[in-house]
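# Architecture and fold: a report
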Amino acid sequence: MAQKMRSPSSAGTSLLAPLLGASILAIVALLGTTAVLGLAVNHAADSREVRLVETAVRSAPVQAVQAALGDARVTDAPEPGRLAAAVEPGRYLTWRSSRLGDHVLARMAPLVAGIAGFLAGWGFWMYRRTRRVAEELVASEAQAQHLSLHDPMTGLANRALFHDRVSMAMNNLSRVGGVVGVFCIDLDRFKQVNDTLGHQAGDEFIREAARRLAACCRKTDTVARLGGDEFAIVAPSAEGREGVQILAERIVNALSDRLELAGGQAMLSCSVGVSIVADDFTDSDEAIRQADLALYRAKEEGRARYTIYGEEMDEKARLRQQMEVELREALSDELLQVHYQPRFSAEGRMESIEALARWNHPRRGMVSPAVFIPLAEECGLIHEIGEFVMREACRTAAARWPDLTLSVNVSPVELARPDFLERARSIMAEAGIDPHRVEIEITEGALLQDDDKTQSLLRTLRELGFTLALDDFGTGYSSLSYLHLYPVDRIKIDRSFVHNLSNPEVEKLVRAMIQLAQALDLEVTAEGVETAGQHAALVSAGCNQLQGYHLGRPGDPDDIDRLVEARRRAAAAA
């Protein structure tokens, strides 16, 4: 009978039955197709269960159905307490109705438990991982926000946070009143520390200055590094004008010391500009501008001090801006002139002339170079002025004074220009003057760059025949160290030393400078000789060349012509 009931799909069904087990109440096989449909019923009604089994018996071997039902067996007649499905006349498949799926659950419990454990472990790992990633993201975001508002080197607030704190202080000031102090701070001659001791020492210098500034202030104050050697402070709860002044004095004192750095020693000092803001003032940008103006005044007055903003500073700033406009117009309208000051040997012989820029202002008269040359360096006009002076001086000297050496001042800003050497060559060729007749005066600021480019440029100038002179010798940071590092031919003793020659200590220092130059085979020129006593003292000390009002004032080319002619007649009469 079993053989008779076996259908073409019995092989597939017999394979399915052990796999499905008691989880499937009936198997419906569609003969001649590849589709096998299985239906699992949990707690099905008895009548429906019987019909499903009868359907399965007709399409599959009894053995397969027996395997699916578990305790099923073929009997001759239905048994009490059991369900029965007719297999064939007089033959029944009987089984007990039970909770379907119990057998499968029992057999699959270890697998399900394993899968559940795996999923639980994986879920816990994912939770921990997600939480850790979330915490890292929060920390990273916090760090990014901190870095966006703080200086990475010092940990102080940066420019953005400082401006925000100033705005907050102004807003609070308009509500509750009081006084707010805004400070702009520059470290004096920081570039020289970088150039002489190295950038590592410079960073250490900055960090120490930042630490001292922070120690000067209260927790309610904000100390910021704006960039480079620029710092700023806003004190939102200052105790009146006196409190702001006390803090300014504390800052200047704290940043006045000799520091031991990795590369050597350096002097720490600072210039401070202060704006004191009262309760009727709410413009934060204006408060910062006022503090910056006061800082500029502190630098002008000699550095290592603080200056409180006053309204007269605005007038000076407006005048400076107006002069910049007028200086540009002077260049275009050819209002700049070149005057010349003679230099004499110790024996009184006229040896050279120094070209000096002069600005003949239509309303202000002659404007001092001490006023417009720094202005030209700041606003970028120094290149045009320097080129004008060099070209005019070389053309005039070549045509009128073939026996005199011409000295031309060159700003460090000009030396840094990439095409300076090519411009100098072009001007010499255009004027028809031998470079051996031209002395280029440079200040210590040009040497402080201390890079290969500057050294190469100075060596090339020497190779072309130019003479190099170090101007304002003795007033810089460490002038003596440059005499053996750079190809200098002459030093010029600054007029401040000559003016104080009556002081025995200063006279000793000047004599030491001259002896040092002689030991290094350098020529020496003394500037600012205004009295016969100064002249005699310098000649006695061994100075090679002298320059000053006592010997000859600066003048236009005609004045120099007359002086040359007078000297020629005097020499002929002697």
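Preceding this paragraph is the structure being described.
Given the structure is predicted, the values throughout are model-derived calculations rather than measurements.

### Focus: the overall build of the protein chain
Helices and strands together make up the secondary structure of the protein chain, namely 21 helices and 21 strands. Per-residue burial for the protein chain yields a buried fraction of 43% across its 574 residues. Taking the intrachain contacts of the protein chain between residues at least 6 apart in sequence as the baseline, contacts between residues at least 24 apart amount to 64%. Carbon and sulfur atoms make up 53% of the accessible area of the protein chain, which totals about 29,500 Å².

### A short note on the environment of Ala232
The residue Ala232 is located in strand S8 (residues 230-238) in this model. On the accessibility criterion, Ala232 (0% relative accessible area) is buried. Sequence separation between Ala232 and Phe183 is 49 residues; the distance between their C-alpha atoms is 5.3 Å. Ala232 has contacts with Phe162, Phe183, Thr222, Val223, Ala224 and Leu226, leaving out every residue within four places of it along the chain.

### Digging into helix H12 (residues 369-379)
Residues of H12 that are buried include every one of Phe372, Leu375, Ala376 and Cys379, and no others. Down the axis of H12, the buried side of the element spans an arc of 100°, and every buried residue falls inside it. For H12, the exposed residues lying more than 90 degrees away from the buried face are Ala370 and Glu378. Where the residues of H12 are buried, they touch helix H11 (311-333), strand S14 (350-361), strand S15 (365-367) and helix H13 (382-400). Phi for Gly380, located one or two positions after H12, is positive at around 85°.

### Here's the deal with the state of the cysteines
Tallied over the entire structure, the rule returns zero disulfides. There is no disulfide at Cys217, and the cysteine sulfur nearest it, in Cys216, is 6.0 Å away.

### Re the nonpolar core
Formed by 73 residues in total, the largest nonpolar core has its most connected members in Tyr340, Met390, Leu406, Leu461 and Leu538. Here this core gets seven residues from one element, more than from any other, and that element is H13. Setting aside anything within four residues of it in sequence, one finds Leu461 in contact with Phe420, Leu421, Ile440, Phe466 and Leu468. Leu156, Leu268, Val274 and Ile308 belong to the second largest nonpolar core, which has 33 residues in total.

### Examining the sheet that holds strand S3 (residues 73-75)
Taken in spatial order, the three strands make up an open sheet running S3-S5-S4, and their pairing is antiparallel. Both edges of this open sheet fall to S3 and strand S4 (83-88), since each of them pairs with a single strand only. Averaged over all neighbouring strand pairs, the angle between strand axes comes to 35°, with direction disregarded.

### A few points about H11
Here H11 spans 33 Å end to end across 23 residues, near enough to the 33 Å set by a 1.5 Å rise per residue. Looking at H11, one finds that the buried residues are Met313, Asp314, Met323, Glu326, Leu327, Ala330 and Leu331. Among the residues trailing H11, Glu334 stands out with phi positive, at a value near 60°.

Conventions and cut-offs
- Residues numbered from 1 in each chain as written.
- Predicted model: local features only at pLDDT ≥ 70, side-chain atom pairs only at ≥ 80, totals over all residues.
- Heavy atoms only, no water.
- Helix = DSSP H or I, 4+ residues; strand = E, 2+ residues; numbered from the N terminus.
- Buried < 20%, exposed > 50% of the residue type's maximum accessible area, 1.4 Å probe, protein only.
- Contact = heavy atoms within 4.5 Å.
- Areas by Shrake-Rupley, 256 points an atom, 1.4 Å probe, with all protein chains shown as cover.
- Arc of directions from axis to C-beta.
- Disulfide = S-S within 2.5 Å.
- Core = buried A, V, L, I, M, F, W, Y, C linked by side-chain atoms within 4.5 Å.
- Pairing = 2+ DSSP bridges.
- Axes fitted to C-alpha atoms, helices over the stretch in contact; angles between N-to-C directions.
- Expected span 1.5 Å × (residues − 1).

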